[in-house]
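Inside the fold
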Amino acid sequence: MKRFDPLGDMAGLMSLQVNMAMMAAEAASVISMRMMGFAGVWSIPPSEAWQMVDEKSRALTRANGEATEAFLRGKAPAEIASAAVVPFRSATRSNSRRLASRGLKKR
């Protein structure tokens, strides 16, 4: 059994909050770029709509596995939540970078 460590637990919570805030900001930018892409303003590939749906099930499956593993290893609640956030953060980061590099649609 792990001993209570207030500083370690606080650091884990702060790390979780930072990752979730970054994920939220990246998700907002991805949503904006995709909506502009569907409106014909932003350059997106034709497969973007399908990829948008497919990536969510993949991230959810991965997050479930990571969180379950952390739980079974007896990790602290903040560490379990952080393990679940990692796959979603990875997806939002890569989507944000990928879509931002495409830029506005050229006429």
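Here goes a summary of the coordinates provided.

Thresholds applied
Residues numbered from 1 in each chain as written. Predicted model: local features only at pLDDT ≥ 70, side-chain atom pairs only at ≥ 80, totals over all residues. Heavy atoms only, no water. Core = buried A, V, L, I, M, F, W, Y, C linked by side-chain atoms within 4.5 Å. Buried < 20%, exposed > 50% of the residue type's maximum accessible area, 1.4 Å probe, protein only. Contact = heavy atoms within 4.5 Å. Helix = DSSP H or I, 4+ residues; strand = E, 2+ residues; numbered from the N terminus. Salt bridge = Lys/Arg side-chain N within 4 Å of Asp/Glu carboxyl O.

**Some thoughts on the nonpolar core**
If you look at the biggest cluster of nonpolar residues, it comprises five residues: V30, M33, W42, I44 and L99. Sequence-distant contacts of V30, defined by excluding residues within four places in its chain, comprise T92, N95, S96 and L99.

**Some thoughts on the side chain of R34**
Looking at the secondary structure, you find R34 in helix α1 (residues 6–38). Given the relative accessible area of 4%, R34 is considered buried. With residues up to four places along the chain from it excluded, the contact list for R34 reads I44, E48, M52, E55, K56, N95, R98 and L99.

**Section: the pattern of salt bridges**
As enumerated under the stated definition, the model contains seven salt bridges in all. A salt bridge links R98 to E48; the shortest N-O distance between them is 2.9 Å. Here R98 is found in helix α3 (residues 77–102), whereas its partner E48 is found in helix α2 (residues 48–72), with 50 residues between them in sequence. Taking the relative accessible area as the measure of exposure, R98 reaches 25% and is therefore partly exposed. Residue class for E48 comes out buried when judged on its relative accessible area of 0%. For E69, the salt bridge identified is with R73, shortest N-O distance 3.1 Å. A single network of salt bridges, built from pairs that share partners, joins R34, E48, E55, K56 and R98.

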